[in-house]
Structures are given as C-alpha cells and as structure tokens.
Amino acid sequence: MKADLIVQNARIVAQTGVFVGWLAVQDGRIAALGEGPAPGPAKTVLDGTGQVLLPGAIDTHPHFFDPGAEWREDLRCGTQAAASGGYTTILDMPNTSPPVKDEATWQLKAGRAQQNSLIDFALWGSAMPSNLDELGRLAELGCVGYKAFTLDAGPDFDWSDEYGQLREMQAVAALGGIFGAHAENPALVNGFSGAHAGEEWSLAVHDASRPWQAELTAINTLLLYARLTGCRLHICHLSIPEGAALIAQAKKQGVDVTAETCAHYLTLNYEDNAALGAFAKINPPLRSRARMEKLWEYVMDGGIDYLGTDHAPYLEEEKLPPEGGRAAACGAPEIDLAIPLLFEEGVLDRGMDLQRFAAFTSTNAARRFGLYPRKGTLAVGADADFILLDPNSPWTFSRKNSFSKSKAARFGHEGRTLRCRVTLTCLRGVPVYANGRILQQPGFGRLVRPQGGDRP
Ligand SMILES: [Zn+2]
C-alpha cells in the first residue's frame, strides 16, 4: 500500500534504537520504519538528511490561562507556540479561572481546548480540600492526574495543607490516579520571606525567601504520604538536586513517584541571569549555578523522569509593577524554546544520549500518564507524532517572533543564538508546523484520555 507520508534519511530515535533511515505514515499512525533507503512510494516524501527525528514532545506542565486570563496566553496561541517548539501533546494545568474542579469546569475547559488547540491535549484536574467529592467524576471524564498546591496559589485555587494533602492522596489512591504537587512548604516560605523582607528584591533574594529547604520539606512530606497511602505521586517542576536525591531514594524503597523539571532550572540561575530580574521570577525560584549544574546529573542518569515547561507568560506590566519585584507576577514563557534549548545543552553540550532525550521529553510522560504506546514513541502502530530537529541550524531567538501571546522581549534567552531548531512538527501524520509556519487550523488537536499507565 502506498504510504501517506514518508520521511527519509533522518536520524531516527526509535523505541528499538537510533539509526539513519525512514519512517512511513498511514492513516495517522506509524506504519513502518527502518534503516537505510525508504522501500516504497508515498503520496508525500520529505527529506530529513542531517536532521534528528524524535517522538513529538509531551508537555506535562503548561499554563495557558484559558479560561480566565487570556490576555497572557490562550489555548490557540499557546498550542501554536507549543507546536513550533516540537510539542505534539500537552497536559494542560487545571489552575485556570475557574479551576478544573468538577464536571462543569471540565466541560468548559475541554470545550475551549477542542475548539482552539492545534495539538492533542489531555487535562489535569484539581485536587483541593473543597472538591474531594468530585475527584471520581473527573477520573471518569478522563483527567490525566490531580494537581494540588502545598501553599497559596492565588484566589481561585484552594490550596492544601498537610491535612488536605493526606486526605486528597487517600482519595486519589483509591481512584488509582496520579497526585501532582507544587511542593513548597508555606511555613518556611513565610519565615524566610519575612527574614529577607528588608532587602532590595532580586532573584537571589527571591531564592533566599523561598529556599531549597522549603521545597525539600514539602517533597519529604509528600513522599511520606505517598508511602502511607500508596498514592502515585508526581513532583512538579523540581528545582533542587537535594529533592532529586530524596526522590531517587524513595523510588528505590518502592514509593511510586516521578519527578519533572523545567528548562529554566537547567539553563538559568540567579547568579548568571540576575539581570533578568522579575522576568525570571518563578516559583520555585531559580537556584544557584551550582544547584543548576548538579540538577543536570539527575537528568542525565534518569533520576528526573521528564521535562515540563511550566509555561506561564505574563504581561510586561504584571512583571514590572510600581511596587517592585516582590509584587511582580511569578512565571515565564518557555514552551517554544524548551526542546531546542535542552537539545543544545543536553545532547550537544553534555553528551546526553538521544534515546534518553526522547524518554525525558516524551516517552516517560506518555508512560506515566497512560498515553503510551499511542503517544510518546516511534514504533509501528503509534500515533505518527514526531518532530524533525536540525542540530546544526543556528538561529537567534526573539520573543517578538513567537506564536505565543507573550511578546515581551525581557524574558530569559531573548537574543540567544541557538544551534538547533525544530523544522517540522507532525501530529497524527499531519504537519502542523514547518519552518516558521503553522499549517493547521485551531481545533485540529483532540482530547486524549489516559488508559492505564505504568512506571517509566
Ligand atoms: Zn505550574
């Protein structure tokens, strides 16, 4: 049978190994792949000479602020930016306004995503002290996990103290779900913030105000509750190597936990990037250069399971309020840059194995959240979600050219010349992005629901 699409001469990062060869698509799925020259004809043939063909990236942690704060980002622009950065599936975070906390708010978010998302999407539900009775319904609707905050997360989201965390994890364990947590201990954050309140605000002071001990304490408690309840635990946006070490130890002891980190914790720190000021104000904060470098060790050895973007753009005026950095909003855009950045600093600079890169950016998340083997792998029968990445195609990043709503030029990596770029993003065999252009309409993406899911 004549394939719909063949990509040939690319370095293919397949489930079975890495080889120069071809990949054939039929009816949106991978029909065949192999080494050497492509065997047969196809309706469309693309040449991938010199490029790396990877499974489409899966973002476990974007915030598109839709519904509720679409002036910052929305599902339409955010998923276009995601596709331009090599993402084919997103797991949208639930702390929108309103948060995804019950059937009505799920339908609201799912409807908007179905109309606007360029790429496939799954939805997180919320775990809050006030919606314990709704968790089962959210599971039936297909939520991919339950997100909780261990400290204040703004007026719309009901955060969870230790009592809340324990009760929610008991409930999520009974459903067989995944409990994902933003982990910072509020007592330590309040105490250290008070101790540094008199100092002029900077990224270093932000780190000192929400220090590594606050994150480690929250992780430690969550690991204890995972042990007590048997709940599957996901630590969001891990920023500290001490946390990675604790999680690695817990895994060895049989705790069902995975960890995510973000490109900013691996490529920015408060020492070298102090000039970014509030534009790099993120929670948990950017850490020291030494912690950033140490965190890489856990990425390289697999101790940290996957990459999330924590993509959360804000307007310039939200980042530069007249009251100063302490009043600035926390979050930064990243979804269009994370994959080329990590490929450059991980694969090209640190010698990260290509299959490890694919696992870190796609496969492990697909496995953990029940999307595998349909998503997250280059294997026969899987959705033909893949990207071509040119490892030797320098370009200079400017946020004004981004598909994201966020055009503010003062966020991290503005003006940086990157050595590699995503040249093609294919979703279910259809190019959705190629060489600077979006090729499909909003709403091309579909809702994906978890089916089982196992441990990376
Ligand atoms: Zn987040």
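Cut-offs used in this document
- Residues numbered from 1 in each chain as written.
- Predicted model: local features only at pLDDT ≥ 70, side-chain atom pairs only at ≥ 80, totals over all residues.
- Heavy atoms only, no water.
- UniProt positions renumbered as here; feature names shortened; annotations may be inferred.
- Helix = DSSP H or I, 4+ residues; strand = E, 2+ residues; numbered from the N terminus.
- Buried < 20%, exposed > 50% of the residue type's maximum accessible area, 1.4 Å probe, protein only.
- Contact = heavy atoms within 4.5 Å.
- Axes fitted to C-alpha atoms, helices over the stretch in contact; angles between N-to-C directions.
- Parallel < 35°, antiparallel > 145°, perpendicular 65-115°, else oblique.
- Left-handed = near helix turned anticlockwise from the far one by under 90°.
- Donors = N, O, S within 2.8 Å, 3.2 Å for Na, K, Ca; no water.
- Phe/Tyr/Trp six-rings, centres within 6.5 Å; stacked < 30°, edge-to-face > 60°.
- Lys NZ or Arg CZ within 6 Å of the ring centre and 35° of its normal.
- Domains from an automatic or database assignment.
- Buried area = accessible area lost by both parts, 1.4 Å probe.
- Salt bridge = Lys/Arg side-chain N within 4 Å of Asp/Glu carboxyl O.
- Disulfide = S-S within 2.5 Å.
- Pairing = 2+ DSSP bridges.
- Expected span 1.5 Å × (residues − 1).
- Arc of directions from axis to C-beta.
- Nonpolar A, V, L, I, M, F, W, Y, C, P; charged D, E, K, R; others polar.

The protein chain carries the name Amidohydrolase in an unreviewed UniProt entry, which gives Ruthenibacterium lactatiformans as its organism. Within the UniProt record for the protein chain, the comment given under Subunit (unreviewed entry) is "Homotetramer." Per UniProt, the protein chain carries the Cofactor (unreviewed entry) text "Zn(2+)".

Below, the discussion takes up the environment of Met 292. Among the secondary structure elements, Met 292 is positioned in helix 10 (residues 289-300). Here Met 292 falls in the buried class, since its relative accessible area comes to 10%. Residues Met 292 and Tyr 265, 27 residues apart in the sequence, show an inter-C-alpha distance of 6.0 Å. Once residues within four sequence positions are removed from consideration, Met 292 is found in contact with Tyr 265, Leu 266, Thr 267, Leu 268 and Asn 269.

In this section: the packing of helix 7 (residues 212-229) against helix 8 (residues 241-252). At a minimum axis distance of 9 Å, the contact between helix 7 and helix 8 shows a crossing angle of 15°. In terms of orientation, helix 7 and helix 8 fall into the roughly parallel class. In the crossing of helix 7 with helix 8, the sense of the turn from one axis to the other is right-handed. Side by side, helix 7 and helix 8 meet where Trp 212, Leu 216, Ile 219, Asn 220, Leu 223 and Arg 227 of the first sit next to Glu 242, Gly 243, Leu 246, Ile 247 and Ala 250 of the second.

Moving on, we get to the coordination of the zinc ion. The coordination sphere of the zinc ion contains the protein donors His 61 (NE2), His 63 (NE2) and Asp 310 (OD), at a distance range of 2.0 to 2.3 Å. Judged by relative accessible area, His 61 falls into the buried class, the value being 0%.

As enumerated under the stated definition, the model contains 8 aromatic pairs in all. The rings of Trp 124, Tyr 306 and Phe 369 are connected pair by pair, giving a single aromatic cluster. In this arrangement the basic side chain of Arg 72 is found over the ring face of Phe 65, its NZ or CZ atom lying 5.0 Å from the centre. The ring of Phe 444 has Arg 428 lying over it, and the distance from NZ or CZ to the ring centre is 5.0 Å.

In terms of domains, the protein chain is made up of domain 1 (3-53 + 380-438) and domain 2 (56-368). If you average the C-alpha positions of domain 1 and of domain 2, the two centres end up 26 Å apart. Counting from both sides, the interface comprises 40 residues of domain 1 and, opposite them, 47 residues of domain 2. Between domain 1 and domain 2 the total buried area reaches about 3,500 Å² when both faces are included, carbon and sulfur atoms providing 64% of it. Of all residues in domain 1, the largest losses of buried area upon contact with domain 2 belong to Lys 405, Arg 410 and Phe 411, amounting jointly to 20% of the total for that side. If you look at where domain 1 meets domain 2, you find 7 salt bridges.

The subject of this paragraph is the state of the cysteines. Applying the stated criterion across every chain, the model contains 0 disulfides. Between Cys 231, a free cysteine, and Cys 143, which holds the nearest cysteine sulfur, the sulfur-to-sulfur gap is 12 Å. By relative accessible area, Cys 231 is classed as buried at 1%. As a non-bridged cysteine, Cys 420 has Cys 262 as the owner of its nearest cysteine sulfur, 19 Å distant. Classification of Cys 420 by relative accessible area gives buried; the value is 0%.

A few words on the UniProt feature "domain: Amidohydrolase-related" (unreviewed entry) in the protein chain. UniProt's entry tags residues 52-399 with the feature "domain: Amidohydrolase-related" (unreviewed entry), counted in the numbering of this structure. The span residues 52-399 is 41% helix and 13% strand, and its two end C-alpha atoms sit 25 Å from each other.

Moving on: unusual backbone geometry. For the peptide bond that leads from Asp 66 to Pro 67, omega is 10°, which places it in the cis range. Within the secondary structure, Pro 67 is located in the loop between strand 6 (57-59) and helix 1 (75-84). Omega for the bond connecting Tyr 372 with Pro 373 falls within 30 degrees of zero, at 5°, which places this linkage in the cis form. Examined against the element boundaries, Pro 373 turns out to sit in the loop between helix 13 (354-368) and strand 15 (386-390). Even without glycine at this site, Asn 9 takes up a positive phi of about 65°. With respect to the helices and strands, the residue Asn 9 is situated in strand 1 (residues 3-13). A relative accessible area of 32% places Asn 9 in the partly exposed class. The phi dihedral of Asp 310 is positive, around 50°, even though this residue is not glycine. Position of Asp 310 relative to the elements: it lies in the loop between strand 14 (306-307) and helix 11 (316-319). Residue Asp 310 is classed as buried on the basis of its relative accessible area of 9%.

What follows is about the sheet that holds strand 10 (residues 146-149). As summarised here, the arrangement of the 6 strands in space is 9-10-11-12-13-14, forming an open sheet in which the pairing is parallel. Each having just a single partner strand, strand 9 (125-126) and strand 14 make up the two edges of the open sheet. Where strand 12 (residues 232-235) and strand 13 (residues 257-261) come together, 3 bridges link them in parallel fashion. Bridge pairing links Ile 235 to Ala 259 in strand 13. Running at roughly 165° to strand 12, helix 7 makes contact with strand 11 (178-182), strand 12 and strand 13 of the sheet.

Before going further, it helps to spend a moment on helix 10. Helix length check: helix 10, at 12 residues, gives a terminal C-alpha distance of 17 Å against a target of 16 Å (1.5 Å per residue), a fit within 8%. Turning to helix 10, its buried residues number three or more, namely Arg 291, Met 292, Leu 295, Trp 296, Tyr 298 and Val 299. All buried residues of helix 10 project into a common sector of 160° when viewed along the axis, lining one side. The elements touched by buried residues of helix 10 are helix 7, helix 8, strand 13, helix 9 (263-267), helix 12 (338-350) and helix 13. In the segment just after helix 10, Gly 302 is the residue with positive phi, at about 90°.

The geometry of helix 12 relative to helix 13 is characterised by a closest axis approach of 11 Å and an angle of 145° between their N-to-C directions. Judged by the twist between their axes, the crossing of helix 12 over helix 13 is right-handed. Contact residues: Ile 339, Leu 342, Phe 343 and Val 347 in helix 12; Leu 354, Phe 357, Phe 360 and Thr 361 in helix 13. Looking at the contact of helix 12 with helix 13, its residues break down into 7 nonpolar, 1 polar and no charged.

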